[in-house]
Amino acid sequence: IKINNDFYPNLSVSQIDKYDNFAKQKFKEARELVKLLDLRKATLYNVALVLIEKQYNFFMGSELKPLKLQDVADELGFNESTISRAISEKYLECERGVFAFKDFFSNSIGEVSTSEIKQFLKRVVESEDKEKPFSDKYLHESIEARFGVKMVRRSIAKYRQDLETSSFK
């Protein structure tokens with residue numbers, strides 16, 4: 001794992017020989033800021049380590065497993081909101097492409113991630129005859145049979161709509 005130092009450079013604060021109370025206070029604030037930035041960098045690195053461990057199969061070519069922010073927060077000893085802020089607008093580049101950190105967190109239906117179900121749905125929809133598309137009922141039954149889960153049929157319509165407005169990763 002390597003952090004892009006263009007966005008997270010190593011910072012330091014140089015101490016000056018003589019300074020008054022104002023400069024002393026600003027020097028202390030600068031040191032605290034550098035400490036906090038280093039903590040943020042370390043947190044992001046640790047989140048990446050946990051993601052790679054928890055989503056190892058994805059990095060080896062499989063689908064994402066269900067994973068919640070709370071799972072990572074518990075593992076690292078942070079609050080869920082801390083992890084959410086740490087990964088906001090952050091990306092991970094790997095052999096499979098560039099992904100937003102948030103893409104690695106997936107809800108589940110039973111023991112199957114919704115991401116895996118969406119990928120299956122995407123493949124089925126791409127293979128259907130565009131003149132005579134599969135019904136939501138057929139897709140619903142196919143997903144339940146394939147994954148052995150129970151889900152509501154309206155989820156299929158929602159997933160299909162998501163497919164039309166944005167591509168699944």
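Residues numbered from 1 in each chain as written. Predicted model: local features only at pLDDT ≥ 70, side-chain atom pairs only at ≥ 80, totals over all residues. Heavy atoms only, no water.

(A) The overall build of the chain, seen in detail. Along the backbone of the chain there are seven helices and four strands. Reading the chain from its N terminus to its C terminus gives the helix and strand order α-α-α-α-β-β-β-β-α-α-α. Expected size for 169 residues packed as a compact globule is a radius of gyration near 15 Å; at 22 Å, the chain overshoots this value by more than 25%. Projected onto its principal axes, the C-alpha coordinates of the chain cover approximately 80 × 30 × 30 Å. By residue count, 34% of the 169 residues in the chain fall in the buried class. Just so you have it, the chain exposes about 11,700 Å², and 49% of that area is on carbon and sulfur atoms. Side-chain charges of the chain comprise 29 positive and 27 negative groups, with the mean position of each set lying 3 Å from the other. (Helix = DSSP H or I, 4+ residues; strand = E, 2+ residues; numbered from the N terminus. Rg over C-alpha atoms; globule rule 2.2 N^0.38 Å. Buried < 20%, exposed > 50% of the residue type's maximum accessible area, 1.4 Å probe, protein only. Areas by Shrake-Rupley, 256 points an atom, 1.4 Å probe, with all protein chains shown as cover. Lys, Arg positive; Asp, Glu negative; His and termini not counted. Charge placed at Lys NZ, Arg CZ, Asp CG, Glu CD.)

(B) Quick look at the packing of helix α1 (residues 21–54) against helix α3 (residues 69–76). One can describe the packing of α1 onto α3 by two numbers: an axis separation of 10 Å at closest approach and a directional angle of 120°. Where α1 crosses over α3, the handedness of that crossing is right-handed. Counting all contacts with α1, which are made through Asn46, Val47, Val50, Glu53 and Lys54, the residues of α3 involved are Val72, Glu75 and Leu76. Taken together, the residues that form the contact of α1 with α3 break down as four nonpolar, one polar and three charged. (Axes fitted to C-alpha atoms, helices over the stretch in contact; angles between N-to-C directions. Left-handed = near helix turned anticlockwise from the far one by under 90°. Contact = heavy atoms within 4.5 Å. Nonpolar A, V, L, I, M, F, W, Y, C, P; charged D, E, K, R; others polar.)

(C) Quick peek at the side chain of Ser113. On the secondary structure map, Ser113 appears in strand β4 (residues 112–113). A polar contact is formed between the side chain of Ser113 and the backbone nitrogen of Glu116, at a distance of 3.0 Å. Non-local contacts of Ser113, meaning those with residues more than four positions away in its chain, are made with Leu64, Lys65, Pro66, Ser106, Asn107 and Ser108. (Polar contact = N/O pair within 3.5 Å; in protein donor to acceptor, adjacent residues only side chain to side chain.)

(D) Spatial organisation of the pairing of strand β1 (residues 91–94). In the sheet, β1 pairs with strand β2 (residues 97–100) via four bridges, with the strands oriented antiparallel. If you follow Leu92 over to β2, its bridge partner there is Phe99. Hairpin geometry of β1 and β2 is characterised by an intervening segment of two residues between the two adjacent antiparallel strands. (Pairing = 2+ DSSP bridges.)

(E) Here's a closer look at the pattern of salt bridges. Under the definition given, this model contains nine salt bridges. Residues Lys102 and Asp103 are paired through a salt bridge, measuring 3.8 Å at the closest nitrogen-oxygen approach. Of the charged contacts, one joins Lys150 and Glu144 as a salt bridge, the two residues approaching to 4.0 Å between their closest N and O atoms. By relative accessible area, Lys150 is classed as exposed at 71%. Shared partners join several salt bridges into a network, and the residues in it are Glu128, Asp136 and Arg160. (Salt bridge = Lys/Arg side-chain N within 4 Å of Asp/Glu carboxyl O.)

The quantities given are spatial measurements derived from coordinates; they are silent on function.
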